[in-house]
Amino acid sequence: MSQNEFSGMLFTASLAFGAIVFGVFGIFYSTYALYASLPNPQRATICDRLRDLCRLLAVVGLVNCGAAAVPLYRVTPNNPTDEILAATLIAASLVLTGVSLVLAFKYMH
């Protein structure tokens, strides 16, 4: 296996892992929002654990986003169009990760 093949495989695996992380984050966040919005004066005890898990998943997503940028940079040809597409893909990942971080650390209390 060549270095480019390995980098391509690593990037693909990183994208798949990121999709799983964001999917699980969405499920946990929705569950947290359901329990946190109940009219009961005392929140369900699961809310604290869900908040911590969402924060952990947001940080894991940030690390994964950074880890995906390196193999993508290695396999991207020196063609300006390909470089713009690669930068757009990383920017989109950063925006999704940023939204997850804001939701986890600012709005989950």
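Residues numbered from 1 in each chain as written. Predicted model: local features only at pLDDT ≥ 70, side-chain atom pairs only at ≥ 80, totals over all residues. Heavy atoms only, no water.

Visitor: What exactly am I supposed to notice about the pattern of salt bridges here?
Guide: Opposite charge on two side chains lets them pair, provided their charged atoms get close. Enumeration over the complete set of coordinates arrives at 2 salt bridges. Notably, a salt bridge pairs aspartate 48 with arginine 51, separated by 3.3 Å at the nearest N-O pair. You can see aspartate 48 and its partner arginine 51 sitting in helix α2 (residues 46–75), 3 residues apart, about one turn around the helix. For arginine 51, the salt bridge goes to aspartate 52, with nearest N and O atoms at 3.7 Å. Aspartate 52 sits in the partly exposed class, given a relative accessible area of 44%. Counted as one network, the salt bridges with shared partners bring together Asp48, Arg51 and Asp52. (Salt bridge = Lys/Arg side-chain N within 4 Å of Asp/Glu carboxyl O. Helix = DSSP H or I, 4+ residues; strand = E, 2+ residues; numbered from the N terminus. Buried < 20%, exposed > 50% of the residue type's maximum accessible area, 1.4 Å probe, protein only.)

Visitor: Sorry if this is basic, but what is going on with the environment of serine 7 here?
Guide: As for its position among the elements, serine 7 is in helix α1 (residues 3–36). It is 32 Å that separates the C-alpha atoms of serine 7 and tyrosine 29, two residues lying 22 residues apart in sequence. When near neighbours in sequence (up to four residues on either side) are disregarded, serine 7 contacts Pro71, Arg74 and Val75. (Contact = heavy atoms within 4.5 Å.)

Visitor: Before we go on, may I ask you to explain the nonpolar core in this structure?
Guide: If you look at soluble globular proteins, the nonpolar side chains tend to sit buried side by side. With 10 residues, the main nonpolar core is built from Val21, Phe25, Tyr32, Cys47, Leu50, Cys54, Leu57, Ala58, Ala104 and Met108. A total of 5 residues in this core trace back to one element, the largest contributor, which is α2. If near-sequence neighbours (up to four positions away) are discounted, alanine 58 is found in contact with Phe25, Thr97, Ser100, Leu101 and Ala104. Counting residues in hydrophobic clusters, the runner-up holds 5 residues, among them Phe11, Ala68, Ala86 and Ile90. (Core = buried A, V, L, I, M, F, W, Y, C linked by side-chain atoms within 4.5 Å.)

Visitor: Just checking my understanding: could you explain the packing of aromatic side chains for this structure?
Guide: For the structure shown, the criterion picks out 1 aromatic pair. Centre to centre, the rings of phenylalanine 25 and tyrosine 29 are 6.0 Å apart; their planes meet at 15°, and the pair counts as stacked. Of the two residues, phenylalanine 25 and tyrosine 29 are both situated in helix α1; the distance of 4 residues between them amounts to about one turn of the helix. For tyrosine 29, a relative accessible area of 22% puts it in the partly exposed group. (Phe/Tyr/Trp six-rings, centres within 6.5 Å; stacked < 30°, edge-to-face > 60°.)

Visitor: When you look at helix α3 (residues 80–105) in this model, what are you seeing that I'm missing?
Guide: Every α-helix winds through 3.6 residues per turn, so residues three or four apart in the chain are directed the same way. In a regular helix each residue adds 1.5 Å, so 26 residues correspond to 38 Å; α3 covers 37 Å between its end C-alpha atoms and thus fits that length. For α3, the complete set of buried residues consists of Ala86, Ile90, Ser93, Thr97, Ser100 and Ala104. Buried positions along α3 lie against α1 and α2. (Expected span 1.5 Å × (residues − 1).)

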